[in-house]
Amino acid sequence: MPTILNTEPIVGHWAALGLGLMAANIRTEVGITHVFVNWGSDHPAMLEELERQRETNGSHALTIVTSPNEMVALSAAQGYAQVTGKPAAVIVHVDVGTQALAGAVHNADRGRAPVLIYAGASPFTTDGELKGSRNEWNHWFQDVHDQPAIVRQYMRYTAQISSPANLPHVVRRALQIATSEPKGPVYLWGRREVMEQEIDQSLMERPITLAKWPSVEPTALPSTATRRIASALLAAKSPLLITSHLGRNHAACQELVSLSLLLALPIFLTCPSAINVPASHPYLVGSSYLVTGTHTPLLKSADVILVIDANIAWFPMNKDKDGAHERPNDTAQVFVIDSGDPLKRGIGMHHEEADLVCQADAAVALAQIQGAVTAVADGVAFAPHERAERIRKMHDSWLAQLRDAESVPLSLSSSGRPAPYTTPQIVGALRTAIQASGVSREGALVLNEALSNYDLVCSHMQPEISGEMIFSGGSSLGWALGGGIGAVLGGRVAKKGKGTEYELVTSIVGDGTFLFCVPASAFWMARRYQTPFLTIVLNNGGWKSPKLSMLRIHPQGPGSRAVGDQLTVGFGPDCPDYSQIAVAASSGWAMGTQNKCRPRGGRKECAGVVGGDD
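Residues numbered from 1 in each chain as written. Predicted model: local features only at pLDDT ≥ 70, side-chain atom pairs only at ≥ 80, totals over all residues. Heavy atoms only, no water.

This part is about the overall build of the protein chain. Scanning the protein chain from terminus to terminus reveals 22 helices and 17 strands. A buried classification covers 54% of the 614 residues belonging to the protein chain. Once local pairs closer than 6 in sequence are excluded, the contacts in the protein chain between residues at least 24 apart make up 77%. Total accessible area on the protein chain is roughly 26100 Å²; 54% of this is exposed by carbon and sulfur atoms. (Helix = DSSP H or I, 4+ residues; strand = E, 2+ residues; numbered from the N terminus. Buried < 20%, exposed > 50% of the residue type's maximum accessible area, 1.4 Å probe, protein only. Contact = heavy atoms within 4.5 Å. Areas by Shrake-Rupley, 256 points an atom, 1.4 Å probe, with all protein chains shown as cover.)

Next comes the structure, spelled out in structure tokens:
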């Protein structure tokens, strides 16, 4: 069972104030209930106070989740925040624990996940001047010049906790920033002596509230921008809307559907990192992670393009099969809207040829545009019938292509054995198995970290509701297993599914990603905290993506003729039995199978086990 921290105020270390404050006050205002921890020599006060409170007052409120690996801890915290919409906390150990957060820091940043990270720091006294002074050899090794610099460029805010007296202000400021757009991780750190400092009873009794520390309210478009965009869309002959992560804001999805239906406005998803629109929406014309030749042909012919909450709308250098650039034509009007960072300040070089750039909440902006369009049109139906029919046909054609890919008959390999199943067949079988199991859409969650198969997984699962599938939001592989743990825990807090928790959580990864996820730690945590989820490993026999990257630059070079092991990107000839890693790490709690020959029965069986069927 998870370790629980009591929240009654007790005179003693600032840890009593720190974690007690988070549990008793911040928890009620912001929703922090879970802390994913990797303890070290900088946390004696926390550990001592945690146990003293539990012995004295029982168990309440704050759930401590022991995490043997820091990247898994932060990935779990991100998954929790993605499901609940509320921040989680992570505690790590000095500079080395901060470094061990690894690529999860990148993902939390790019995925705009509100997570509060706290790291202790080596003691700054050496002769016993203060309680907590250096008394272990590693305290010298771990005293670096600028510990927060390790993660500063990925954080929305970093601060040192120098005294218990201002801890409430520091924590509240950090959470206020983390939960305001662009949301993201924050990092606090403090020396061991500060953690051991005795505090006055009056400090514990001082009322603390977040009522005067609210998140920034969603912003609206200026009226001039609203009218300009609405007028352009009304006059457009061939409009197009592009988005990537609008669906993180669930309220924006319905506004997007409404505007699209009102204007017969086609929607194309580029590098999607959220479910933005139902797969069945008649004006959804496809999605792409922008491999050359895969962008919608509507991009080149569009006269008005609305880019809203999109990471990357197009690659300027890409060309289609006929050699034409896959980018807007020179006369197209391009309007860019982003809820938190339209200029992508966290990216070194980023530019979109745009006529208007605005920072505004997607739900608010789309409602404004729809209102302006309706007012100008005076309630008259104005969506051109011809365009509506043409876009519907594109949507139907896209769905037909997906069905065809799933129904490709099995063939024999050169050895005479059945060829491996394709990703569309596997994902289509999973979707069918989930539907057959009776699991509701609200009760099923998919974590997609399939990398070279991102788009295939997203398209063939055919999601219909916001939050039905989540992504890391970044590009550092190793999120999906820890994210699965956090998602299950978050589902219980948010009462997903039938009002208690998710009925089925599935993480879909490649074999390389599976190993990046630190499966030994992840599956140990899954057992410890009873967070079952189905893991599907799409086994490429190694790293497929580096070879694909090479082929995009050197399509006819020597490397194009080399197999994975020759190219040093393969895991063969004897690949690991990934399923048994899970079994071993969980001491036999996990069920593992290498399913090579019957994806339909196998996926249904696994879905039944994870979902709780007998």
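What follows concerns empty space enclosed by the protein. Over the atoms, a rolled probe matching the size of one water molecule traces out where space is still vacant. The tally for this structure, following the rule as stated, stands at three cavities of 30 Å³ or more. The volume enclosed by the second largest cavity comes to roughly 100 Å³. Lining the second largest cavity we find 13 residues, and of these Leu269, Val277, Leu284, Cys458 and Pro463 sit closest to its centre. Tallied by class, residues from the lining of the second largest cavity come to nine nonpolar, four polar and no charged. (1 Å grid on protein atoms, 1.4 Å probe; cavity = no way out; pocket = protein on both sides within 12 Å on 5 of 7 lines; lining within 4 Å. Points joined across faces, edges and corners; volume = space filled by probe spheres on them. Nonpolar A, V, L, I, M, F, W, Y, C, P; charged D, E, K, R; others polar.)

A few words on helix H14 (residues 385-406). When the terminal C-alpha atoms of H14 are compared, their 32 Å separation across 22 residues agrees well with the 32 Å that a helix rising 1.5 Å per residue should span. What H14 keeps buried is the set Arg387, Ala388, Ile391, His395, Trp398, Leu399, Leu402 and Glu406. Take H14 and look down its axis: the buried residues cluster within an arc of 105°, on one side only. Residues of H14 that are exposed and point over 90 degrees away from its buried face: His385, Glu386, Lys393, Gln401 and Asp404. (Expected span 1.5 Å × (residues − 1). Arc of directions from axis to C-beta.)

What you see with strand E9 (residues 267-270) is no split at all: Ile267 and Leu269 on one side and Phe268 and Thr270 on the other are buried throughout. The pairing of strand E8 (residues 239-243) with E9 spans three bridges and is parallel. By the bridge assignment for E9, isoleucine 242 is matched with phenylalanine 268. In the classification by handedness, the crossover that spans E8, the intervening helix H11 (residues 250-263) and the parallel E9 is right-handed. Across three bridges, the pairing between E9 and strand E10 (residues 284-288) is parallel. Each bridged residue has a counterpart across the sheet, and for leucine 269 the counterpart in E10 is serine 287. (Pairing = 2+ DSSP bridges. Right-handed = clockwise from strand over helix to strand, strands pointing away.)

With that out of the way, let us pick up the confidence of the model for the protein chain. Residues with a pLDDT of 70 or more make up 88% of the protein chain, whose mean pLDDT is 88. Across residues 597-603, where pLDDT falls below 50, the model places 13 contacts with residues more than four positions away in sequence or in other chains. (pLDDT = per-residue confidence, 0-100.)

Scanning the model with the defined rule gives eight aromatic pairs in all. Ring geometry for tyrosine 454 and phenylalanine 471: centres 6.5 Å apart, planes at 55°, overall tilted. Residue tyrosine 454 is found in helix H16 (residues 454-461), and its partner phenylalanine 471 is found in the loop between strand E15 (469-470) and helix H17 (480-494); the two are separated by 17 residues along the sequence. Tyrosine 454 gets classed as buried once you look at its relative accessible area, which sits at 10%. With a centroid separation of 5.9 Å and 20° between ring planes, the pair formed by phenylalanine 523 and phenylalanine 533 is classed as stacked. One end of the pair, phenylalanine 523, is in helix H19 (residues 519-528); the other, phenylalanine 533, is in the loop between H19 and strand E17 (534-538), with ten residues separating them in the sequence. No difference in accessibility class separates phenylalanine 523 from phenylalanine 533, as the two residues are buried. Within the aromatic cluster, the residues linked to one another by ring pairs are Phe514, Phe523, Phe533 and Tyr578. (Phe/Tyr/Trp six-rings, centres within 6.5 Å; stacked < 30°, edge-to-face > 60°.)

Before going further, it helps to spend a moment on the pattern of salt bridges. For the structure shown, the criterion picks out 17 salt bridges. Residue arginine 392 pairs with glutamate 389 through a salt bridge whose shortest N-O separation is 2.8 Å. Placement of the pair is arginine 392 and glutamate 389 together in helix H14, with a separation of three residues, close to one helical turn. A network of salt bridges, in which partner residues are shared, links Asp109, Arg110 and Arg156. (Salt bridge = Lys/Arg side-chain N within 4 Å of Asp/Glu carboxyl O.)

Quick look at the sheet that holds strand E11 (residues 304-308) now. The strands that make up a sheet pair up through hydrogen bonds in the backbone, lying either parallel or antiparallel. Read across the sheet, six strands follow the order E10-E9-E8-E11-E12-E13 without closing on themselves; strand pairing throughout is parallel. Only two strands of the sheet have a single neighbouring strand rather than two, namely E10 and strand E13 (356-359). Adjacent strand axes in the sheet meet at a mean angle of 15° when their direction is disregarded. Against the sheet, H14 makes contact with E8 and E10, and its axis sits at roughly 45° relative to E10, the strand it touches most. (Axes fitted to C-alpha atoms, helices over the stretch in contact; angles between N-to-C directions.)

A word on the side chain of arginine 172. Assignment of secondary structure puts arginine 172 in helix H7 (residues 167-178). Accessibility expressed as a relative area gives 9% for arginine 172, which makes it buried. Filtering out sequence-adjacent residues up to four positions away, arginine 172 remains in contact with Ile208, Thr209, Leu210 and Trp213.

To continue, consider the environment of leucine 269. Assignment of secondary structure puts leucine 269 in strand E9. Note on leucine 269: relative accessible area 7%, which makes it buried. Between the C-alpha atoms of leucine 269 and leucine 290, which are 21 residues apart in sequence, the distance is 9.9 Å. Residues within four places of leucine 269 in sequence aside, it is in contact with Thr243, Asn276, Val277, Leu284, Gly286, Ser287 and Ser288.

A cluster of nonpolar side chains, namely Trp137, Trp140 and Phe141, defines an oily patch on the protein surface of about 470 Å² accessible area. Residue classification places tryptophan 137 among the exposed residues on the basis of a relative accessible area of 63%. (Patch = residues over 30% accessible without salt bridge, like charges linked within 9 Å, V, L, I, M, F, W, Y side chains within 5 Å.)

Before going further, it helps to spend a moment on the sheet that holds E17. The strand order across the open sheet built from four strands is E15-E14-E16-E17, with neighbouring strands paired in parallel fashion. The sheet is open, and its two borders are formed by E15 and E17, each paired with just one other strand. Alignment of strand E16 (residues 504-510) against E17, held across five bridges, turns out to be parallel. Looking at E17, one finds that valine 509 is bridged to valine 537. The sheet strands contacting helix H15 (residues 423-437) are strand E14 (444-449), E16 and E17, and the helix crosses E17 at an angle near 165°. Sitting on the sheet, H16 is in contact with E14, E15, E16 and E17, with an inclination near 160° to E14.

In this chain, glutamate 181 is followed by proline 182 through a cis amide linkage whose omega measures -5°. With respect to the secondary-structure elements, proline 182 resides in the loop between H7 and strand E7 (186-191). The backbone phi angle of alanine 264 is positive, close to 50°, even though this residue is not glycine. Along the chain, alanine 264 falls in the loop between H11 and E9. Although it is not a glycine, leucine 290 sits at a positive phi angle of roughly 65°. With respect to the secondary-structure elements, leucine 290 resides in the loop between E10 and helix H12 (298-301).

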